[in-house]
Amino acid sequence: MLLREVEYARPASVQEALRLLGANDGARALAGGQTLINVMKARAASPDVLVDLQDLDDLRGVRDLGNGSVELGAMTTCSQLVRDEAAGARSILGEVAGRIADVQVRNRGTIGGNVCSNDPTNHFPPLLVALDATFTIRGAHGERTVPAHEFFLGVYMTAAGPGELLTKITIPPGGQDGFAAVTIGKDGTGIVTAAASLNGGARVAIGCVDAVPVRASAMEERIGADFSDERVRAAAEGLGATLDPPSDVHASADYRRHLAEVLAVRAVVAARERR
Ligand SMILES: Cc1cc2nc3c(=O)[nH]c(=O)nc-3n(C[C@H](O)[C@H](O)[C@H](O)COP(=O)(O)OP(=O)(O)OC[C@H]3O[C@@H](n4cnc5c(N)ncnc54)[C@H](O)[C@@H]3O)c2cc1C
């Protein structure tokens, strides 16, 4: 289907982008367009103005801050995360980015667009909750930071409100991270995903089972600092019963509950094994 007529702006600075977004209620940021253009074609969204972020070099790139801590510009693409040396400082980022869809989607799709669309099946929301990332949001009245568990508010809803831009994502020091997924076909959409990061204790987040990533807090507590197979498996028991996932053509709610337990264990074990 052809797009409805829409105005287009390509600002040269973040300030100008914020001015354009703030000046029109119907303005939307355009990053890689991999979600937004598709929902516009389907007439599920119909912005009046697209504010293209492509020329905002300030929002692009990865900075290695040391000890596995990295800063990701919102306009960094999945392909950049796969090949960027600085992203290698936290290797889970490239590993997960490389599992998303296909090379065309990865070349255009950005980490900022991935989290700002907050499709519950996207790979990065649970990963960034497990990594305890911080999101920097800029608006007309300045800048604020939001922890990952407060950034995701609902399906397609995040703490980055109208007229605001996500500018960067900061990952604290660490490096023992794991990700596990059952997808629809190889590198396809997630049926259930799980991410874990071990830093003293374990942080585990499950994706595709609710509108936002779900922390497996009871499992984390039961694991404590013992990452042995036996302890991790025992800790995951009962996780499924705490979840209320959807049932659809790809999986029943019960199967998703089962997968959540299996994948949470796999994610923690993968994190433990990471060198
Ligand atoms: C065929 C296909 C398969 C896919 N499969 C997967 C998958 O399996 N797993 C997965 O994780 N992802 C998947 N994706 C999603 C893809 O990885 C992109 O992350 C996603 O499409 C959005 O990124 P984008 O840069 O294209 O954002 P856009 O489509 O340009 O924007 C998406 C939304 O975010 C807003 N936005 C973008 N950047 C900002 C910003 N900096 N500040 C504020 N708001 C912003 C836009 O206004 C828009 O509402 C798939 C996409 C396609 C087309």
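Just so we're clear, the structure is a prediction, and the values are computed from it rather than from any experiment.

A.B. asks: If you had to explain the overall build of the protein to someone new, which residues and values would you point to?
C.D. replies: Across its full length, the protein carries eleven helices and 14 strands. The C-alpha radius of gyration of the protein comes to 19 Å, within 12% of the 19 Å expected for a compact globule of 275 residues. With respect to the three principal axes, the spread of C-alpha positions in the protein is 55 × 45 × 35 Å. For the protein, the accessible area works out to roughly 12,700 Å², and carbon and sulfur atoms hold 49% of it.

A.B. asks: Report on the nonpolar core, specifying residues and quantitative values.
C.D. replies: Grouped together as the largest cluster of nonpolar side chains are 37 residues, with contacts concentrated most on Phe124, Leu128, Phe135 and Phe151. Of the residues forming this core, the biggest block, five residues, is contributed by helix 7 (residues 124–130). Once residues within four sequence positions are removed from consideration, Leu128 is found in contact with Ile111, Val115, Ala133, Phe135, Ala148, Ile169 and Ile171. Within the second largest apolar cluster, 28 residues are counted, among which are Ala216, Ile223, Leu239 and Ala251.

A.B. asks: Break down the sheet that holds strand 11 (residues 176–183) for me, with residues and values.
C.D. replies: Taken together, the four strands give an open sheet; going across it, the order is 11-12-13-14, and neighbouring strands pair in antiparallel fashion. Since the sheet does not close on itself, it has two edges, and those belong to strand 11 and strand 14 (214–215), each with one partner. Across eight bridges, the pairing between strand 11 and strand 12 (residues 190–199) is antiparallel. Pairing of Thr183 across the sheet is with Gly190, part of strand 12. Set on the sheet, helix 11 (residues 253–273) makes contact with strand 11, strand 12 and strand 13 (201–207); between it and strand 12 the angle comes to about 35°.

Conventions used here
Residues numbered from 1 in each chain as written. Predicted model: local features only at pLDDT ≥ 70, side-chain atom pairs only at ≥ 80, totals over all residues. Heavy atoms only, no water. Helix = DSSP H or I, 4+ residues; strand = E, 2+ residues; numbered from the N terminus. Rg over C-alpha atoms; globule rule 2.2 N^0.38 Å. Areas by Shrake-Rupley, 256 points an atom, 1.4 Å probe, with all protein chains shown as cover. Core = buried A, V, L, I, M, F, W, Y, C linked by side-chain atoms within 4.5 Å. Buried < 20%, exposed > 50% of the residue type's maximum accessible area, 1.4 Å probe, protein only. Contact = heavy atoms within 4.5 Å. Pairing = 2+ DSSP bridges. Axes fitted to C-alpha atoms, helices over the stretch in contact; angles between N-to-C directions.

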